[in-house]
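# A structural walkthrough
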Amino acid sequence: MSTSRLALAGGRPAVPPGAFGRRPVVTGRERRSINAFLNRPDFGVGLAASARPSNLLAGQWADYLGVKHCLAVNSGTAALHMCIAALDIGPGDEVIVPALTFWASAAAVLHHNAIPVFVDVEPRTFGMDPAKIEASITPFTKAIMPVHLHGMPAEMGKILKIARKHGLKVISDACQAHGSQYKGRKIGAIEDAAGFSMEVSKPLSSGSEGGLFVTNNDLTFERAKMLRQFGERIIPGRKREYNAFGVGWNYRISEFGAVFGLAQLERLDTTTRKRRRCCDMISSGLKQLKGVKPPFTPADRDPVYFNYVVEFSPADAGVDMEARPFRECMEKALRSEGVPMGTWQNIPVPAQAVFLKKNAYGKGCPWKCQHYRGSVSYRPEDYPETLRFLESHSYLGPFGGKIVPETRELAERCLEGFHKVFDNLDRVLALLNPAQKGKRATA
Ligand SMILES: Cc1ncc(COP(=O)(O)O)c(C=O)c1O
């Protein structure tokens with residue numbers, strides 16, 4: 001029971017200003033690596049393919065996951081687009097995507113003229129709900145794209161089983177899930193292909209923009225290689241032919257980003273372990289409080305906590321309030337205690353304008369493209385669990401690019417912030433929302 005004065009009432013915040021670091025963590029290792037790279041005598045066009053940081057990074061990431069092939073690219077979106085294209089998914093095809101994700105998962109599908117079909121998420125882990133997938137499969141479906149949101153692996157066993165039954169490919173959007181595991185196997189190693197982001201805030205950061213494409217399939221890898229570089233076959237050591245076999249992009253990663261990423265990869269497991277320990281500590285502390293629920297981790301998953309997400313429940317707190325205003329009050333009170341809480345996205349992806357208008361790049365395409373013979377509708381109300389998540393859940397950390405706690409001391413201070421707010425809920429609500437005073441159902 002916290003008896004210290006609420007910051008909202010003029011008390012000292014539980015978490016002092018400046019206690020949270022900002023993403024990404026930069027150490028001497030990154031600085032030394034970038035300098036050493038610049039100082040190489042063969043720096044620039046003289047750098048042999050085998051010495052390029054992008055190729056070293058790809059090799060190390062493949063080893064880390066235990067996959068056969070990896071390509072370093074310039075974004076997670078590029079990596080996902082390569083998954084779609086390299087698996088021969090294109091005009092007229094449908095891909096099943098969760099309604100709760102960053103929209104780049106669906107954009108990667110649209111980039112190759114295919115159609116995203118959304119399914120709702122499972123209410124405890126917020127991954128695609130396997131129970132809702134089969135109802136969305138049509139004769140046009142080619143793949144399922146689970147997203148391992150917040151670093152929590154989706155229910156891969158069931159998803160892979162459904163895919164096998166219907167002859168579909170599985171593509172992981174692992175943009176937030178570097179090193180996370182499902183039943184002891186790393187995400188990225190158990191699908192047909194997967195894409196990771198190395199955008200500046202990600203667990204494996206390039207310090208700028210970047211991504212990683214992975215697959216175990218030789219043909220998929222060969223196709224992805226061409227897509228990464230202008231649709232050409234570019235073979236190290238051989239004279240370039242300048243002959244495109246189809247459309248391709250320039251999805252190559254900056255070598256500087258790859259150098260930064262290599263330095264980050266050296267300590268990925270250490271930082272993940274620290275973050276997990278801190279999140280577990282916060283979670284067990286939150287279990288003692290009424291009105292805030294820690295994230296749920298099934299026994300068969302090892303999440304990496306790219307973000308730490310809690311649910312605010314007015315009903316559990318015995319408060320007669322709707323979920324959203326209650327969440328907003330709790331976020332405000334916690335932020336005043338120095339705990340950086342807030343929301344990420346506000347609407348399901350299928351509620352975004354591009355889907356409501358069904359116009360991605362003009363003339364109603366790809367929905368009106370001649371190859372598409374299906375029909376898909378995008379209605380936000382079809383995704384009640386996604387809507388419920390958006391009303392009632394809040395993120396610890398990402399605001400101003402804050403790092404999810406990696407030290408015991410910061411985790412303890414955050415917990416103290418939660419205690420201050422939830423042990424004094426009547427007072428908090430009175431301070432923030434006087435209309436609610438005396439409205440507690442079970443105070
Ligand atoms: C779930 C998800 N998918 C895809 C992406 C796209 O990654 P990038 O920003 O590197 O293109 C992100 C990045 O934020 C993401 O969080």
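Thresholds, definitions, all that
- Residues numbered from 1 in each chain as written.
- Predicted model: local features only at pLDDT ≥ 70, side-chain atom pairs only at ≥ 80, totals over all residues.
- Heavy atoms only, no water.
- Domains from an automatic or database assignment.
- Contact = heavy atoms within 4.5 Å.
- Buried area = accessible area lost by both parts, 1.4 Å probe.
- Salt bridge = Lys/Arg side-chain N within 4 Å of Asp/Glu carboxyl O.
- Polar contact = N/O pair within 3.5 Å; in protein donor to acceptor, adjacent residues only side chain to side chain.
- Helix = DSSP H or I, 4+ residues; strand = E, 2+ residues; numbered from the N terminus.
- Patch = residues over 30% accessible without salt bridge, like charges linked within 9 Å, V, L, I, M, F, W, Y side chains within 5 Å.
- Areas by Shrake-Rupley, 256 points an atom, 1.4 Å probe, with all protein chains shown as cover.
- Lys, Arg positive; Asp, Glu negative; His and termini not counted.
- Charge placed at Lys NZ, Arg CZ, Asp CG, Glu CD.
- Buried < 20%, exposed > 50% of the residue type's maximum accessible area, 1.4 Å probe, protein only.
- Axes fitted to C-alpha atoms, helices over the stretch in contact; angles between N-to-C directions.
- Parallel < 35°, antiparallel > 145°, perpendicular 65-115°, else oblique.
- Left-handed = near helix turned anticlockwise from the far one by under 90°.
- Nonpolar A, V, L, I, M, F, W, Y, C, P; charged D, E, K, R; others polar.
- Near = heavy atom within 4 Å.
- Pairing = 2+ DSSP bridges.
- Phe/Tyr/Trp six-rings, centres within 6.5 Å; stacked < 30°, edge-to-face > 60°.
- Lys NZ or Arg CZ within 6 Å of the ring centre and 35° of its normal.

## Quick word on the domain arrangement of the chain
- Split into domains, the chain comes out as domain 1 (7-16 + 268-345 + 388-436) and domain 2 (28-267).
- Measuring from the centre of the C-alpha atoms in domain 1 to the corresponding centre in domain 2 gives 31 Å.
- Each side of the interface is counted separately: domain 1 has 24 residues, and domain 2 has 33 residues.
- Of the roughly 2300 Å² buried at the junction of domain 1 and domain 2 (both faces included), carbon and sulfur atoms supply 60%.
- The largest contributions to the domain 1 side of the interface with domain 2 come from Leu268, Arg301 and Phe306, which together make up 33% of the buried area.
- Inspection of the region where domain 1 meets domain 2 yields one salt bridge.
- Across the pair Arg301 and Glu155 runs a salt bridge whose closest N-O atoms are separated by 3.4 Å.
- Where domain 1 packs against domain 2, one counts 14 residue pairs in polar contact (both at pLDDT 80 or more).
- Of all the secondary-structure elements, those providing two or more residues to the side of domain 1 that touches domain 2 are α8 (268-286), β11 (301-302), α12 (384-392) and β14 (393-396).
- The element best represented in the side of domain 1 that touches domain 2 is α8, accounting for five residues.

## Some points on a positive patch on the surface
- A cluster of basic residues, Lys158, Lys161, Arg164 and Lys183, forms a positive patch on the protein surface.
- Relative to the assigned elements, Arg164 resides in helix α5 (residues 156-166).
- Note on Arg164: relative accessible area 64%, which makes it exposed.

## Section: the packing of helix α3 (residues 76-86) against helix α6 (residues 218-228)
- Running from amino to carboxyl end, α3 crosses α6 at an angle of 125°, the nearest separation of the two axes being 9 Å. Taken together, the axes of α3 and α6 are oblique relative to one another. Of the two elements, α3 crosses α6, and the hand of that crossing is right-handed. Where α3 approaches α6, its residues Met82, Ala85 and Ala86 are matched on the opposing element by Thr220, Arg223, Ala224, Leu227 and Arg228.
- Class assignment for the residues of the contact of α3 with α6 results in five nonpolar, one polar and two charged.

## Observations regarding the site of the ligand
- Around the ligand, the structure places 16 residues, and the nearest of them are Gly76, Thr77, Asp173, Ser197 and Lys202.
- Take Gly76: an N or O atom from its main chain is 2.8 Å from an oxygen atom of the ligand.
- The separation between an oxygen atom of the ligand and a polar side-chain atom of Lys202 is 2.7 Å.
- Here the ligand, which alone exposes 390 Å², has 91% of that area covered by the protein.
- At three residues, the largest contribution of residues to the shell around the ligand is made by α3.
- Counted by class, the shell around the ligand contains five nonpolar, eight polar and three charged residues.

## What to know about the pattern of salt bridges
- Overall, the coordinates contain 24 salt bridges when judged by the stated rule.
- The closest approach of N and O atoms between Glu406 and Arg275, which form a salt bridge, is 3.4 Å. Taken together, the residues Glu406 in the loop between β14 and α13 (408-423) and Arg275 in helix α8 connect sequence positions 131 residues apart.
- Look at the salt bridges and you will find they share partners, linking Asp120, Asp129 and Lys132 into a network.

## Here we look at the sheet that holds strand β13 (residues 341-342)
- An order of β10-β12-β14-β13 is seen for the four strands of this open sheet, with the pairing classed as antiparallel. The sheet is open, and its two borders are formed by β10 (292-293) and β13, each paired with just one other strand.
- Across two bridges, the pairing between β10 and strand β12 (residues 308-312) is antiparallel. Residue Val292 lies in a different strand from β12, and its bridge partner there is Phe312.

## As for the packing of aromatic side chains
- This model, assessed by the stated rule, comprises 19 aromatic pairs.
- Ring centres 5.2 Å apart and planes at 80° place the aromatic pair Phe37 and Phe43 in the edge-to-face group.
- Among the residues examined, Phe43 registers a relative accessible area of 35% and is labelled partly exposed.
- Directly above the aromatic system of Tyr64 lies the positively charged group of Lys186, at a separation of 4.3 Å from the ring centroid.
- Over the ring of Phe245 we find Arg233, and its NZ or CZ is 4.1 Å from the ring centre.

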